[in-house]
Amino acid sequence: WKRYSRYGKLALVNPGRDNRGFQICFTCGFARPAPERPTGRRRNRSDSHKNPRTGKDCGGRLYTRHLGHEFITDVLELRFDGLLASTLNYDLWLSVLYALLEGASETLGIRRDDLDGTLYRYSAGIAPAVVLYDNVPGGAGHVRRIAEELEDVFRTAWRRVDQCECGEETSCYECLRNFRNQHYHDQLTRGLARDFLHDLLQAAGVLVAQGE
C-alpha cells in the first residue's frame, strides 16, 4: 500500500544528549545542553549565563526544552500487511528502510544525500509504516519517481543486500550503512532485509531466486 504527497509535513526533533534537552534563555537567546542532573524549578546559580550578543551577564531564567522544527517536502509512505508484515522486529524494518533508500538512489540515479526516511508507528501491534522523503528544501519530486518505479527499486534493494559480502547478521557501508545512520549501525541487519525483500518480490509475482 502506498501514499504519496507533494506537501507532506515532517517534524524533526532534537532531544539532546540522553534525552535531556537544552537549557534556553527566552530573554537573550542563550542555550546549552541540559546537565545530567536537572536543577529543579527554583532559580539558582546554575541559571547564570552571558548574553551571547553583548557578552554581559543576563538575569533571565533558563528553561529546559527539546528543539525541533517542521518542514514541507515530498513524502512517500509504504505500508505492508499480511504474513510477511506480521513481525514487529524493529531491526527488520530499519534494515528494510535503508535498503530501499539505497536501492532507490542506485536505480534512479538520485544522490543518496537527497533522500532520507523514517519509520512511523500508527499503533501498537502492527508493523510501522516506511516513510521516504526528499531531503531537499521544498522537495524535488524524488520520492514521486520512487512511487512510479517501486518494482525496480525493490529489486535493486534486494540485490544490494543479497550480493554484499559482509556477514548476514550485520551490515556494512556497501549495503546498508552510511554516516547519516551511524546511531542505527548495530541494528541494521543485511540478512533480515534480504529475506524480507526476497519473499515480498516472490509474493508479488516477481520471480527471483536466492542468490540470483
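Presented here is a report on the structure given in the accompanying data block. These numbers were taken from a predicted model, which means no experiment stands behind them. (Residues numbered from 1 in each chain as written. Predicted model: local features only at pLDDT ≥ 70, side-chain atom pairs only at ≥ 80, totals over all residues. Heavy atoms only, no water.)

### What about a nonpolar patch on the surface?
- A surface patch of nonpolar side chains, amounting to about 280 Å² of accessible area, comprises Tyr120, Tyr122 and Ile126.
- Positionally, Ile126 belongs in the loop between β8 (115-120) and β9 (129-134).
- Given a relative accessible area of 32%, Ile126 falls into the partly exposed group. (Patch = residues over 30% accessible without salt bridge, like charges linked within 9 Å, V, L, I, M, F, W, Y side chains within 5 Å. Areas by Shrake-Rupley, 256 points an atom, 1.4 Å probe, with all protein chains shown as cover. Salt bridge = Lys/Arg side-chain N within 4 Å of Asp/Glu carboxyl O. Helix = DSSP H or I, 4+ residues; strand = E, 2+ residues; numbered from the N terminus. Buried < 20%, exposed > 50% of the residue type's maximum accessible area, 1.4 Å probe, protein only.)

### Observations concerning unusual backbone geometry
- Positioned with a positive phi, Asp18 is a non-glycine residue whose angle comes to about 55 degrees.
- Of note, Asp18 is situated in the loop between β1 (2-14) and β2 (22-25).
- Within the chain, Asn19 stands out as a residue other than glycine whose phi angle is a positive 65 degrees.
- Note that Asn19 resides in the loop between β1 and β2.

### Looking at the packing of helix α3 (residues 150-163) against helix α4 (residues 190-203)
- At a minimum axis distance of 9 Å, the contact between α3 and α4 shows a crossing angle of 140 degrees. Here α3 is positioned oblique relative to α4, judged by the angle of their axes. Regarding α3 and α4, the two cross each other, and that crossing is left-handed. Here Phe154, Arg155, Ala157, Trp158, Val161 and Asp162 of α3 come into contact with α4, specifically with Arg190, Ala193, Arg194, Leu197, His198, Leu200 and Leu201.
- Taken together, the residues of the contact of α3 with α4 sort by class into 8 nonpolar, 1 polar and 4 charged. (Axes fitted to C-alpha atoms, helices over the stretch in contact; angles between N-to-C directions. Parallel < 35°, antiparallel > 145°, perpendicular 65-115°, else oblique. Left-handed = near helix turned anticlockwise from the far one by under 90°. Contact = heavy atoms within 4.5 Å. Nonpolar A, V, L, I, M, F, W, Y, C, P; charged D, E, K, R; others polar.)

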